[in-house]
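Reading the structure
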Amino acid sequence: MKRRDFVRLVTLFSGVSAVNVALAQFNFGKALEAGKSLLASETLSDADLQAYFDQMAAASDAQNKLAGPQDAYGKRIARLARGLESYDGLKLDIKAYLTPEVNAFAMANGTIRVYSGLMDKFSDDEIRYVVGHEIGHVKAGHTRARIQTAMRTSALRSALSSVGGRTAVLAESQLGDLFEQVVRAQHSQANENEADDLAMQFMKNKGFPASACVSALEKLDALGGGGASWLSTHPSPKARAERMRTQV
């Protein structure tokens, strides 16, 4: 195969138009790297996922203040996490961030972080619902699908950087880029419903009151635009509360 034909093939697989390759100041090496990244995104092993999320979790913990064992939030989250060292085969690492945001997130390696702002608003059992919901996103494969999508986007950015522009700078900030796309992107309604169903199952399996699923979502709905960052990634709390009420 001629080099020019191969360049066209790589650009097609990396999402870049192959029209006028010669005029695009195309960097063959970066395009090939983009194509490899695209293929790698479809073949992520469990070890790959663990490595990516371990790095993301370490970076996030370094950028936020973790509640220590002597802190009131640290003591509370440790108490709530007792007996939750693992769930359904997933090893868990549940800790709190000292930040006023009403937020929480999970990663596919079992990292779960609950923000002190959310802890201020929620009862113990409502926090347990949040933990169960975040576990649900992991167990349902939502975080795995997101990192695959993020890597495809990274592959596209690498390819675009080979024709000039400033996207290469963004693509090289991989941890921050992955965190934004995997953790901070909004979930679909279908994903939210699936994670809620798994959270309800989690609450019942652990003997926690299932009604906390409903009351937590009602609190989120009441907060509305009042600074609940969790709403930006976990939408439609009112409709979800009504749906969950039928399962209590």
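Given the structure is predicted, the values throughout are model-derived calculations rather than measurements. (Residues numbered from 1 in each chain as written. Predicted model: local features only at pLDDT ≥ 70, side-chain atom pairs only at ≥ 80, totals over all residues. Heavy atoms only, no water.)

A few points about the environment of arginine 144
- On the secondary structure map, arginine 144 appears in helix H7 (residues 142–161).
- Since its relative accessible area comes to 28%, arginine 144 is described here as partly exposed.
- Spatially, the C-alpha atom of arginine 144 lies 9.5 Å from that of aspartate 46, the residues being 98 residues apart in sequence. (Helix = DSSP H or I, 4+ residues; strand = E, 2+ residues; numbered from the N terminus. Buried < 20%, exposed > 50% of the residue type's maximum accessible area, 1.4 Å probe, protein only.)

Examining the packing of helix H6 (residues 124–139) against helix H10 (residues 189–205)
- Close contact between H6 and H10 brings their axes to 7 Å; oriented N to C, the two are set at 125°. On the basis of the axis angle, H6 is oblique to H10. Where H6 crosses over H10, the handedness of that crossing is right-handed. Here H6 contributes Asp125, Arg128, Tyr129, Gly132, His133, Ile135, Gly136, His137 and Lys139 to the contact with H10, which in turn contributes Asn191, Glu192, Ala195, Asp196, Leu198, Ala199, Phe202 and Met203. (Axes fitted to C-alpha atoms, helices over the stretch in contact; angles between N-to-C directions. Parallel < 35°, antiparallel > 145°, perpendicular 65-115°, else oblique. Left-handed = near helix turned anticlockwise from the far one by under 90°. Contact = heavy atoms within 4.5 Å.)

Details of helix H11 (residues 211–223)
- Its 13 residues give H11 an end-to-end C-alpha distance of 19 Å, which sits within 8% of 18 Å, the value for a rise of 1.5 Å per residue.
- Phi turns positive one or two residues past the end of H11, at glycine 224, with a value near 50°. (Expected span 1.5 Å × (residues − 1).)

With respect to the packing of aromatic side chains
- For the structure on display, the rule yields 5 aromatic pairs.
- Aromatic side chains tyrosine 87 and phenylalanine 202 sit 5.0 Å apart centroid to centroid with 85° between the ring planes, which places their arrangement in the edge-to-face category. Linking tyrosine 87 in strand S1 (residues 86–87) with phenylalanine 202 in helix H10, this pair joins segments that are 115 residues apart in sequence. Of the two residues examined, tyrosine 87 and phenylalanine 202, each falls in the buried class.
- Between tyrosine 97 and phenylalanine 105 the ring centres are 6.1 Å apart and the planes differ by 50°, which places this aromatic pair in the tilted class. Across this residue pair, the class does not change: tyrosine 97 and phenylalanine 105 are buried.
- Linked through ring pairs, Tyr87, Phe202 and Phe208 together constitute an aromatic cluster. (Phe/Tyr/Trp six-rings, centres within 6.5 Å; stacked < 30°, edge-to-face > 60°.)

Topic: H6
- Across its 16 residues, H6 extends 22 Å between first and last C-alpha, which sits within 8% of the 22 Å expected from 1.5 Å per residue.
- Extensive coverage of H6 is indicated by the burial of 13 of its 16 residues.
- Immediately beyond the C-terminal end of H6, within one or two residues, lies glycine 141, with a positive phi of roughly 85°.

A short note on the sheet that holds strand S4 (residues 104–106)
- Here 3 strands make up an open sheet; going across it, the order is S3-S5-S4 and the pairing mixed. Sheet topology places strand S3 (93–97) and S4 at the edges, where each strand pairs with a single neighbour. The mean inter-strand angle of the sheet, taken between neighbouring strand axes irrespective of direction, is 15°.
- Summarising the sheet, S3 and strand S5 (residues 111–115) pair through 5 bridges and their orientation is parallel. In the strand pairing of S5, aspartate 93 is matched with threonine 111.
- Relative to S3, helix H4 (residues 72–81) is tilted by about 155°, and along the sheet it contacts S3 and S5.
- Together, S3, S4 and S5 form the strand contacts of H6, whose direction differs from that of S4 by roughly 35°. (Pairing = 2+ DSSP bridges.)

In short, the description is geometric, and any link to function would need to be established separately.
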